[in-house]
Amino acid sequence: MTAPAPTLAARGYAPGAPRRRELARLVLALAWRFLLRRRTVSGVRSGLRGAVLGIALSLVPLTVVMVVANGLIDGIVDRYLELGSYHAQVAIADSQLASGASVEVVAGFVAALPGVEVAIPERRGSTLLAAGGRRVVAELRAVPVDLPQTDRGFAAMVEVHGGSFDLTGNGVVLSAELARQLSVAVGDQLHLVAVPSNLIAPVAGDAELGAARLGGPPRLTAVRVQGVFSSGYQELDRRWAFVSLATAARALPAGRELIGIKVGDPHDPAALAAVVAEAQRLVGQLGRVRDWKVLEAASLRSFESSRALLLFVVAMIVVIATVNVASATVSVSLTRRQEVAYLKAMGLPPAAVFASLTLAGTLAGAAGAILGVAVGLAAAVNINEALALVERGVSWVAQLVAGAGQAAEPIALIDRSFYLESIPFTLPAEQVAVVAAATVALATLAAAIPALAAARLRPLAALARTA
Amino acid sequence: MSSPPPLVVDQVWKTYRSEAEELAVLRGTSLRLGAGESAAVTGASGSGKSTLLNLIGGLDQVDSGSILVGGVDVATLPERALAAFRRRLGLVFQFHHLLRDFTASENVQLPLLIGGAHRHAAGTRAAELIAAVGLTPHASRYPHQLSGGERQRVAIARALAAHPEVVLADEPTGNLDERNAGEVGDMLFGLAEQRGVTLLVVTHDRSLAARAQLHLHLEHGQLHVAGERSPP
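What counts, and where the lines are drawn
Residues numbered from 1 in each chain as written. Chains lettered and ligands numbered in written order. Predicted model: local features only at pLDDT ≥ 70, side-chain atom pairs only at ≥ 80, totals over all residues. Heavy atoms only, no water. Helix = DSSP H or I, 4+ residues; strand = E, 2+ residues; numbered from the N terminus. Buried < 20%, exposed > 50% of the residue type's maximum accessible area, 1.4 Å probe, protein only. Areas by Shrake-Rupley, 256 points an atom, 1.4 Å probe, with all protein chains shown as cover. Contact = heavy atoms within 4.5 Å. Pairing = 2+ DSSP bridges. Axes fitted to C-alpha atoms, helices over the stretch in contact; angles between N-to-C directions. Patch = residues over 30% accessible without salt bridge, like charges linked within 9 Å, V, L, I, M, F, W, Y side chains within 5 Å. Salt bridge = Lys/Arg side-chain N within 4 Å of Asp/Glu carboxyl O. pLDDT = per-residue confidence, 0-100. Core = buried A, V, L, I, M, F, W, Y, C linked by side-chain atoms within 4.5 Å. Arc of directions from axis to C-beta.

Asker: Outline the overall build of chain B, supporting the account with residue identities and numerical values.
Answerer: Of regular secondary structure, chain B possesses seven helices and 10 strands. Counting every position in chain B, which comprises 232 residues, the buried fraction comes to 61%. Carbon and sulfur atoms provide 50% of the accessible area of chain B, an area that totals close to 9100 Å².

Given below as structure tokens:
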């Protein structure tokens with residue numbers, strides 16, 4: 001008889017307490033192979049790759065929605081801030097209109113306040129624009145002629161399609177939509193028909209004269225179209241017509257006066273609040289100062305609600321995809337039941353079985369998150385091109401259906417009137433990170449349940465004689 | 001003081017109960033194997049051969065009696081300690097139970113890695129055992145790339161990897177043709193003898209049983225000596 005086999009201890013192993021680092025490495029190796037590996041004996045693919053794909057596919061739309069919704073909302077808010085409400089606004093009280101106080105003079109004092117970059121005097125009011133046989137209700141905005149030069153934010157958001165943003169003389173600059181409705185172009189003449197704003201009531205958005213109720217004698221002012229612009233957000237600018245303050249003095253006697261304030265960072269609430277407080281202290285009873293969050297509160301709430309709803313719906317898809325990890329892990333632990341049993345029979349601790357299967361779920365979640373976010377970001381970056389491509393494709397199909405003899409209308413999937421013409425790319429890094437982390441956590445949790453069952457598996461139950 | 005014998009089975013009883021009947025498969029079964037000794041247990045199907053092996057391997061629990069492996073009473077071990085206990089055994093089953101996502105070499109390394117061996121040490125040991133079972137050219141192959149006989153040889157190498165005191169083999173040639181069965185049987189007994197490992201084989205194959213030093217027959221829950229041969 002040969003000498004007895006050396007004990008594990010004699011060989012440098014400690015049978016009762018495997019070294020943690022080595023065991024951890026083994027757990028990782030098992031998890032990795034549970035995640036990736038190959039066909040079963042029967043040829044059925046076993047592993048969590050399907051779950052990875054499911055998670056990735058569900059994260060693509062979520063990422064696109066996050067990025068596009070953020071881009072849209074940020075783009076729209078930026079346009080409101082730079083073109084509409086300004087960062088803050090001094091609304092001159094009506095009673096002051098008769099006092100002869102000059103809004104330009106007050107704006108000069110406001111501009112000198114600390115933190116204020118630009119203060120823009122403005123007069124706004126409703127008017128009718130008439131050209132040829134067409135009449136359209138517009139919001140006339142009277143601003144300094146050098147506004148594009150003094151307000152960089154304004155200039156950045158305005159794209160001039162024809163002519164220039166020239167308000168000198170009797171110049172008017174129309175939104176592209178107004179120009180279209182009036183069928184006018186640069187160089188054409190039109191008339192401002194000024195009426196008191198409280199006497200004009202557009203009905204359900206119908207801008208035609210026939211839908212308005214007029215009162216008092218109208219004042220006609222001839223102006224010439226010197227520019228056509230777009231802010232990229234038609235819902236905001238569709239009724240805007242810009243003239244100089246001098247023109248407005250003739251054409252818009254009853255407009256409301258305001259001073260638009262621009263600061264360095266409108267998203268810095270403390271700095272903005274300080275400017276608002278200073279401006280209010282300065283103007284006193286002359287007017288009321290409010291920042292953009294107050295002025296556009298309703299719109300902001302609407303945007304945020306839309307975004308939250310979209311995210312909620314898409315997040316549900318992610319949750320469902322993540323739950324798939326549970327079923328995939330169940331499948332893995334079932335198809336590998338005998339392997340798990342044999343590993344336990346070889347002395348693999350139940351905790352290591354649990355850890356390896358759970359870790360496989362974690363890896364599936366992480367791989368799915370990385371893949372899904374990457375593809376989603378790529379899609380979001382190219383959303384304008386992708387949208388245009390899809391629209392061209394749908395239009396092509398529509399033309400095909402209509403037949404060669406008939407011209408089908410090009411199909412637009414989204415109405416550009418209510419969205420930005422070009423969707424900006426804004427990376428919501430924090431949101432993306434939170435979604436990716438939540439996906440990994442959910443995948444881990446989903447895998448943990450079947451992993452626990454596998455860890456409790458009694459080896460004998462699975463080690464039947466037949467394979 | 002001398003070290004305890006690797007395997008002592010003393011008056012073990014095991015009964016399976018169902019609503020309809022009680023089936024006592026082991027009735028005071030006893031067995032004692034010294035270091036490096038080999039034994040084969042034969043018996044009719046359902047006679048309790050595999051049950052005996054499962055009890056020794058800590059995969060099932062005795063009703064009464066005791067099983068000492070290296071002086072440790074298996075029946076008294078809690079689940080957590082059982083995992084550590086199992087690392088002292090080598091197991092070979094009728095079906096190879098190789099992990100399909102691991103190469104032959106990696107499969108052999110598994111018991112060592114589970115036991116906490118360093119991967120380099122495990123790799124070296126696996127290479128030695130793969131060579132011992134004549135599969136060095138196939139060390140990087142996955143189980144599905146191996147024949148049935150080759151898989152079982154890998155399973156034998158794996159059972160011996162962690163320097164077990166006792167190797168338990170349940171019908172190790174049951175799935176193999178005659179030629180492969182002969183080769184695998186030679187390999188199993190040869191390696192066990194060569195390495196001084198105590199080997200207990202359960203089999204229907206009388207030619208395989210004949211290779212053991214002690215041939216036992218299990219009948220009516222009791223082991224009877226059916227043959228004995230001197231160690232080489």
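Asker: How would you summarise the environment of Ile423(A) if you had to cite specific residues and measurements?
Answerer: All names here are of chain A. Tracing the sequence through the fold places Ile423 in the loop between helix 14 (383-402) and helix 15 (429-456). Taking the relative accessible area as the measure of exposure, Ile423 reaches 8% and is therefore buried. Along the chain, Ile423 and Val67 lie 356 residues apart, while their C-alpha atoms are 9.8 Å from each other. The residues touching Ile423, leaving out its near neighbours within four places in the chain, are Val68, Leu72, Ile383 and Asn384.

Asker: Talk me through the sheet that holds strand 7 (residues 166-170) of chain B; I want residue IDs and the actual numbers.
Answerer: As a general point, the strands of a sheet are linked pairwise by backbone hydrogen bonds and lie either parallel or antiparallel. All names here are of chain B. Taken together, six strands build an open sheet; the order of strands is 6-7-8-3-9-10 and the sheet is mixed. The open sheet has two edge strands with one neighbour each: strand 6 (89-92) and strand 10 (222-228). With strand direction ignored, the average angle separating the axes of adjacent strands in the sheet is 20 degrees. Relative to strand 7, strand 6 runs parallel, the two sharing four bridges. The residue bridging Leu89 from the neighbouring strand is Val166, located in strand 7. Taken strand by strand, helix 5 (residues 148-161) contacts strand 6 and strand 7, and its axis lies near 170 degrees from that of strand 6.

Asker: Please give an account of the pairing of strand 2 (residues 22-33) of chain B that cites residues and values.
Answerer: All names here are of chain B. Pairing geometry for strand 1 (residues 7-17) and strand 2, over nine bridges, is antiparallel. Counterpart to Thr15 in the pairing with strand 2 is Ala24. Two successive antiparallel strands, strand 1 and strand 2, enclose a turn made up of four residues.

Asker: Account for a nonpolar patch on the surface, with residues named and values stated.
Answerer: Residue and element names in this part refer to chain A. Where nonpolar side chains cluster on the molecular surface, the patch consists of Leu309, Phe312, Val313, Met316, Val319, Val323, Leu442 and Leu445 and spans about 720 Å² of accessible area. Elements represented by at least two residues in the nonpolar patch include exactly helix 11 (297-335) and helix 15. With six residues, helix 11 is the single largest residue contributor to the nonpolar patch. Counting through the fold element by element, Met316 comes out in helix 11.

Asker: Which residues make up the confidence of the model for chain A, and what are the values?
Answerer: All names here are of chain A. Model confidence for chain A is summarised by a mean pLDDT of 80, while 83% of its residues fall at 70 or above. The least confident element of chain A, judged by mean pLDDT, is helix 16 (residues 459-462) at 74; the most confident is strand 5 (residues 171-175) at 95. Scored below 50 in pLDDT, residues 1-16 makes 37 contacts in the model with residues more than four places away or belonging to other chains. Low confidence marks residues 197-215, where pLDDT is under 50. Its contacts with residues over four positions away, or in another chain, come to 33 contacts.

Asker: Give a description of the nonpolar core that names residues and reports values.
Answerer: One finds Leu348(A), Leu7(B), Ile56(B), Ile67(B), Val69(B) and Leu200(B) to be the most contacted residues of the largest nonpolar core, which totals 123 residues. Per-element accounting of this core gives the leading share, nine residues, to helix 15 of chain A. With sequence-adjacent residues up to four places away left out, Val69(B) is seen in contact with Pro6(B), Leu7(B), Ile56(B), Val74(B), Phe85(B), Arg88(B), Leu89(B) and Val166(B).

Asker: Can you tell me about the pairing of strand 6 (residues 189-194) of chain A, naming the residues and giving the values?
Answerer: Residue and element names in this part refer to chain A. Of the strand pairs in this sheet, strand 2 (residues 116-131) and strand 6 are connected by four bridges, and their pairing is antiparallel. Bridge pairing in strand 6 links Ala130 to His191. Alignment of strand 6 against strand 7 (residues 219-230), held across six bridges, turns out to be antiparallel. Paired with Leu190 across the bridge in strand 7 is Val223.

Asker: Explain helix 3 (residues 103-111) of chain A to me, and be specific about the residues and the numbers.
Answerer: Residues and elements named next belong to chain A. Buried residues of helix 3: Val103, Val106, Ala107 and Val110, and no others. Mapping the buried residues of helix 3 onto a view down its axis gives an arc of 105 degrees, with all of them on the same face. Residues of helix 3 that are buried sit in contact with strand 1 (88-92), strand 2, strand 9 (256-263) and helix 9 (269-283).

Asker: Outline the sheet that holds strand 2 of chain B, supporting the account with residue identities and numerical values.
Answerer: Residues and elements named next belong to chain B. Reading across from one edge, 2-1-4-5 is the order of the four strands in this open sheet, with antiparallel pairing throughout. Of all strands in the sheet, those with a lone pairing partner are strand 2 and strand 5 (72-73), marking the two edges. Sheet contacts for helix 1 (residues 49-56): strand 1, strand 2 and strand 4 (64-69); angle to strand 1, the most-contacted strand, approximately 120 degrees.

Asker: Give a description of the environment of Thr173(B) that names residues and reports values.
Answerer: Residues and elements named next belong to chain B. Its place among the elements puts Thr173 in the loop between strand 7 and helix 6 (178-195). For Thr173, a relative accessible area of 5% gives the class buried. A sequence separation of 11 residues divides Thr173 from Val184, and the C-alpha atoms of the two residues are 6.9 Å apart. Filtering out sequence-adjacent residues up to four positions away, Thr173 remains in contact with Ala181, Val184, Gly185, Asp205 and Leu208.

Asker: Talk me through the environment of Ala378(A); I want residue IDs and the actual numbers.
Answerer: By the element assignment, Ala378(A) lies in helix 13 (residues 350-381). The spacing of Ala378(A) and Val60(A) is 318 residues in sequence and 9.3 Å in space, taken between C-alpha atoms.

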